[in-house]
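Residues per chain, in single letters:
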Amino acid sequence: MINYLQKYSLLFVTLGMIYGCKKETKNQLLKDKIESAINSRQMPDTTKQLVSFESPDWITLISPDITELNRHFEYYLPTVRISKRDSKTKKLEKNLSETLGQELLTSIFSKKETTLENICARKAINGVIVLHKGKIVYERYPDMDPNDRHITASIAKSFVGTIIATLADQGLLHEQDSVTKYLPELGGAGFEGITIEHLLRMASGINCREHLPDMEAITNPESCFYQLLEHTGLFPEPNAGFQKDFLQVIKEFGIAEPPGKTYDYTGANSVLLAMIAERISYTPYHELVSSMIWSRIGAEQDALITMASTGISGSYGPMMMTLRDMARYGLAFTEDAEIKIASDRYLQEIRKGDNELFLSKGGFGDLVWSHHYENQGAMFQSYHWDVVFEDGDFIKHGVGGQALYISPEKRLVIAFNSSPKTTIEENHSLQYLVRSLALLEQFQ
């Protein structure tokens, strides 16, 4: 006869088997969805390619041709759609300013005064839009069409942060969870001490550095970051295919330093966060962006994002959208949105930071942002937003000179695209001056 202890033991074993089977079924469902997305990708259209480039050399290109590439990236690399579904497009009404384009903009870093009109006349940007209190007060397209889906570059990383925040709001994760809780493949190599918050703050310490001397990270096939670009489809995949999956690559490169020590900016953190979000939701990343963000902001077009044959999408950068849709995304952090995608908790988390970490010696804040925004109130980095300012405004930049600046209190959104056509300094000029634009008296 089976006693009570045996009965309960049998019950727990049975429940464990059922849970394990359900989890395995959901994991298989995620794999099937990713496989379906791979098979349905929009592949490069050579008939529409107006410029030619050799990857990976194109990533270092400073040329007028880069503009054509950046505004039609889907012709050159495989992409999947981030669907707006059946959502109604939010109309952006106009209240155009007669003076905004002539206002003088300046910063210690740029060491010169200029205006929006001058920047546009020089085609130092491809397009710019400014929303105040939900209405367009300035909009120009010097070097792109309003309907172009321009590459966002690293502005895409903020979408990762927003999705992680949404999952945290739903109680499906916590920022203090270890990454190995969701990515057990990284266990046993020192990754247990890395938390989701470390990834969000670009302070994980993982040895997949994006900024190495002489651009080695994007030119040396033996570097971890180069292999990340291969695994996410931005560089051509190895001819013989992948011998290791991306998590194996990360694990073998290991830890460069203890987590929380240095603000070491790398897209590897974003890719790991996107993979965690997929594992928790059993949903491919591009579908998560669709359901949690894109179908809720009143977008006018579907967005696009790269996807490699590995099933890993370009969550760290190669995402494409119209400039107005980027502005609608920014608007969803303010009270002017019909549906806010940023909860009060998320906004509070964005405004929590560590100034000491932000300015850690040799870190990205120390080397870049503290100089770009000298004496302009740059405080820290949070939730994949590059800089959070002392007044609560925050910004995300893109490597080509793009940016999305949001001020919930001022009800201000500034979005612009650019491409390094002449020099990095020229085509990043509005990045250097955007804080000055946001602090104009008319927005206070």
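Residues numbered from 1 in each chain as written. Predicted model: local features only at pLDDT ≥ 70, side-chain atom pairs only at ≥ 80, totals over all residues. Heavy atoms only, no water.

A.B. asks: Got a sec to walk through the sheet that holds strand β2 (residues 127–132)? Specific residues and values, please.
C.D. replies: The seven strands lie next to each other as β3-β2-β11-β10-β9-β8-β7, forming an open sheet whose pairing is antiparallel. What marks the edges here is a single partner per strand, and that holds for β3 (135–140) and β7 (378–382). Averaged over all adjacent pairs, the angle separating strand axes in this sheet is 15°, with direction ignored. Judged from the four bridges that link them, strand β9 (residues 394–397) and strand β10 (residues 403–407) form a sheet pairing that is antiparallel. Within the sheet, the bridge partner assigned to Phe 394 lies in β10 and is Ile 406. Sheet strands touched by helix α16 (residues 429–438): β2, β8 (385–389), β9, β10 and β11 (412–417). Its angle to β11, the strand with the most contacts, is close to 165°. (Pairing = 2+ DSSP bridges. Helix = DSSP H or I, 4+ residues; strand = E, 2+ residues; numbered from the N terminus. Axes fitted to C-alpha atoms, helices over the stretch in contact; angles between N-to-C directions. Contact = heavy atoms within 4.5 Å.)

A.B. asks: So what's going on with empty space enclosed by the protein? Which residues, and what values?
C.D. replies: If you walk through the whole model with that rule in mind, you get two cavities of 30 Å³ or more. Lining the largest cavity are Arg 201, Tyr 263, Asp 354, Leu 357, Phe 358, Phe 380 and Gln 381. Going through the elements one at a time, α13 (355–358) and β7 are the ones with two or more residues in the lining of the largest cavity. Counted by class, the lining of the largest cavity contains four nonpolar, one polar and two charged residues. Roughly 30 Å³ of internal volume is contained in the second largest cavity. As for the second largest cavity, its lining consists of Val 271, Ala 274, Met 275, Glu 278, Gly 311, Ile 312 and Ser 313. (1 Å grid on protein atoms, 1.4 Å probe; cavity = no way out; pocket = protein on both sides within 12 Å on 5 of 7 lines; lining within 4 Å. Points joined across faces, edges and corners; volume = space filled by probe spheres on them. Nonpolar A, V, L, I, M, F, W, Y, C, P; charged D, E, K, R; others polar.)

A.B. asks: An account of helix α9 (residues 267–281) is needed here, citing residue identities and associated values.
C.D. replies: Residues spaced three or four apart along an α-helix face the same direction, because each turn holds 3.6 residues. Spanning 15 residues, α9 covers 21 Å between terminal C-alpha atoms, matching the ideal 21 Å at 1.5 Å per step. In terms of residue burial, α9 counts as a mostly covered element, since 13 of its 15 residues are buried. Count one or two residues on from α9 and you reach Tyr 282, which has phi positive near 55°. (Expected span 1.5 Å × (residues − 1). Buried < 20%, exposed > 50% of the residue type's maximum accessible area, 1.4 Å probe, protein only.)

A.B. asks: Can you explain the nonpolar core? Please cite residues and give values.
C.D. replies: Phe 333 and Trp 385 are the most contacted members of the largest nonpolar core, which totals 139 residues. The element best represented in this core is α9, accounting for nine residues. Once you skip the residues sitting within four places of it in the chain, Trp 385 turns out to touch Ser 158, Tyr 329, Phe 333, Tyr 346, Ile 350, Phe 394, Ile 395, Lys 396, Leu 404 and Ile 406. (Core = buried A, V, L, I, M, F, W, Y, C linked by side-chain atoms within 4.5 Å.)

A.B. asks: Pulling in residues and values, what's your account of the sheet that holds strand β6 (residues 319–321)?
C.D. replies: Overall, antiparallel pairing links the four strands, which are arranged β1-β5-β6-β4 in an open sheet. The outermost strands of the open sheet, each flanked by one partner alone, are β1 (79–82) and β4 (150–151). Sheet strands touched by helix α10 (residues 285–294): β1, β5 (303–306) and β6. Its angle to β1, the strand with the most contacts, is close to 25°.

A.B. asks: So what's going on with unusual backbone geometry? Residues and values would help.
C.D. replies: Even without a glycine there, the phi angle at Ala 153 is positive, about 55°. When you line up the elements, Ala 153 lands in the loop between β4 and α4 (156–169). Look at Ala 153 and you get buried, because its relative accessible area is 8%. Backbone geometry places Tyr 383, a non-glycine residue, at a positive phi of 50°.

A.B. asks: Which residues make up the pairing of β3, and what values do they have?
C.D. replies: Strand direction decides the pairing type here: β2 and β3, joined by five bridges, are antiparallel. Within β3, the residue paired with Val 128 across the bridge is Arg 140. Count of turn residues in the β2/β3 antiparallel hairpin: two residues, of which Lys 133 carries a positive phi of about 55°.

A.B. asks: Please set out the layout of surface pockets residue by residue, giving values where relevant.
C.D. replies: When its volume is computed, the largest pocket comes out at roughly 1,200 Å³. Lining the largest pocket are 44 residues; nearest its centre among them are Glu 210, His 211, Gly 398, Val 399 and Gly 400. Secondary-structure elements contributing two or more residues to the lining of the largest pocket are α2 (65–71), α6 (216–219), α7 (224–231), α14 (364–372), β9, α15 (424–427) and α16. Of the residues in the lining of the largest pocket, the class split is 27 nonpolar, 12 polar and five charged. Approximately 740 Å³ is the volume found for the second largest pocket. Contributing to the lining of the second largest pocket are 24 residues, with Leu 30, Lys 31, Glu 185, Met 275 and Arg 279 lying nearest its centre. Listed by contribution, the elements that provide at least two residues to the lining of the second largest pocket are α1 (4–39), α8 (246–253) and α9. When residues in the lining of the second largest pocket are grouped by element, the largest group, six residues, is from α1. Partitioned by chemical class, the residues of the lining of the second largest pocket number 12 nonpolar, four polar and eight charged.

A.B. asks: Tell me about the pairing of β8, residues and numbers included.
C.D. replies: The buried count for β8 comes to five of five residues, which makes it a mostly enclosed element. Turn length for the β7-β8 hairpin, with the two strands adjacent in sequence and antiparallel, is two residues, and the turn residue Tyr 383 shows positive phi of about 50°. Where β8 folds back onto β9 in an antiparallel hairpin, the turn is made up of four residues, including Gly 392, whose phi is positive at roughly 95°.

A.B. asks: I'd love a proper account of the packing of aromatic side chains, names of residues and values included.
C.D. replies: Tallying each qualifying case throughout the model produces 17 aromatic pairs. With a centroid separation of 6.2 Å and 75° between ring planes, the pair formed by Tyr 263 and Phe 364 is classed as edge-to-face. In this pair, Tyr 263 is assigned in the loop between α8 and α9 and Phe 364 in helix α14, connecting sequence segments 101 residues apart. Residue Tyr 263 shares its accessibility class with Phe 364, and that shared class is buried. When the centroid spacing of 5.5 Å and the interplanar angle of 85° are considered together, the rings of Tyr 329 and Phe 333 count as edge-to-face. Classification of Phe 333 as buried rests on a relative accessible area of 0%. (Phe/Tyr/Trp six-rings, centres within 6.5 Å; stacked < 30°, edge-to-face > 60°.)

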